[in-house]
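These are the residues of each chain, in order.
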Amino acid sequence: MIDEKGILFVLSGPSGVGKGTVRKELFSRETNLKYSTSMTTRAMRPGEQEGVDYFYKTKEEFETLVEQNRLLEYAQYVDNYYGTPREYVEEMLEGGHDVFLEIEVQGALQVKENFPEGVFIFLFPPSLEELKDRIINRGTEAEELVLNRLKEAKKEIDMMDAYDYVVVNDQVDLAATKIQAIIQSEHCKRERIASQYKSILEDDTL
Ligand code: 5GP
């Protein structure tokens, strides 16, 4: 094994883009990734399980975790808190495991500040390009509506700047395959294996 530490992968993107679906498809194939189960104050949905889908917390419990600096990032989303437990992520990475987060964009930007060496993957809505073409080609659309739509599209594109990779989610299985390819490529990066390579060169017995 050449890598000593694990790699942190962060999948994020605009709401409704299908992050959860792509993550589940990826984890049905990838057994080497450690998924960091998030904490949330939202109510458990039917079929969900404590510790599998989320760790369910009260608002007070969540705020205590924030005060104790036990979250790597957290965000408020539709009146609820969501956050990533710091200890699990750090322990797994130290132990040489790759860790995978699936979180919304505000949280991903916080992770980037703490872990700039992480790999940030932006899941892109398939309809955005169509939307753009439609906006441009359809000269008859009311001007205000065109502007609003463009503004929304631009906001999404703007968030992409902080990311290393963009995966268009036009087909879930294809998106998961692309993420697997990204994971493999990251493990082959020269800078990740350079120190090991140098120690081989310095070994006089070889
Ligand atoms: P849901 O309530 O549908 O399970 O998730 C709502 C949103 O919260 C999704 O966009 C999901 O990616 C995001 N999310 C889940 N866990 C976390 C987390 O730990 N931190 C942040 N910032 N967002 C999260």
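Keep in mind the model is a prediction, meaning the values are calculated, not measured. (Residues numbered from 1 in each chain as written. Predicted model: local features only at pLDDT ≥ 70, side-chain atom pairs only at ≥ 80, totals over all residues. Heavy atoms only, no water.)

A.B. asks: I tried to follow the sheet that holds strand 5 (residues 71-77) on my own but got confused; where do I start?
C.D. replies: Whenever strands of a sheet pair, they do so through backbone hydrogen bonds, lying parallel or antiparallel. One open sheet holds the 4 strands; their spatial order is 4-3-6-5, and the pairing between them is mixed. The sheet is open, and its two edges are formed by strand 4 (54-56) and strand 5, each paired on a single side. Recorded for the sheet is a direction-independent mean angle of 25° between the axes of neighbouring strands. Taken together, the 6 bridges between strand 5 and strand 6 (residues 80-85) define a ladder with antiparallel strand orientation. Opposite tyrosine 77, over in strand 6, you have asparagine 80 as the bridge partner. (Pairing = 2+ DSSP bridges. Helix = DSSP H or I, 4+ residues; strand = E, 2+ residues; numbered from the N terminus. Axes fitted to C-alpha atoms, helices over the stretch in contact; angles between N-to-C directions.)

A.B. asks: Is there a simple way to think about helix 7 (residues 172-187) in this case?
C.D. replies: Since the α-helix advances by 3.6 residues per turn, residues separated by three or four positions end up pointing in the same direction. Along its 16 residues, helix 7 runs 23 Å from first to last C-alpha, staying within 8% of the 22 Å computed at 1.5 Å per residue. Along helix 7, the residues classified as buried are Ala175, Ala176, Ile179, Gln180, Ile182, Ile183 and Glu186. For helix 7, the angular spread of buried residues about the axis comes to 155°, placing them on one side. (Expected span 1.5 Å × (residues − 1). Buried < 20%, exposed > 50% of the residue type's maximum accessible area, 1.4 Å probe, protein only. Arc of directions from axis to C-beta.)

A.B. asks: Could you clarify how one ought to interpret the packing of helix 1 (residues 19-29) against helix 7 in this entry?
C.D. replies: Each pair of packed helices can be summarised by the angle the axes make with each other and by the distance between the axes. Two elements in contact, helix 1 and helix 7, have axes separated by 9 Å at closest approach and are oriented at 60°. As judged from the angle between their axes, helix 1 and helix 7 are oblique. Read as a crossing pair, helix 1 and helix 7 show a hand that is right-handed. Contacts between helix 1 and helix 7 pair Thr21, Val22, Glu25, Leu26 and Arg29 from the former with Val172, Asp173, Ala175, Ala176, Thr177, Ile179 and Gln180 from the latter. Its residues assigned to classes, the contact of helix 1 with helix 7 shows 6 nonpolar, 3 polar and 3 charged. (Parallel < 35°, antiparallel > 145°, perpendicular 65-115°, else oblique. Left-handed = near helix turned anticlockwise from the far one by under 90°. Contact = heavy atoms within 4.5 Å. Nonpolar A, V, L, I, M, F, W, Y, C, P; charged D, E, K, R; others polar.)

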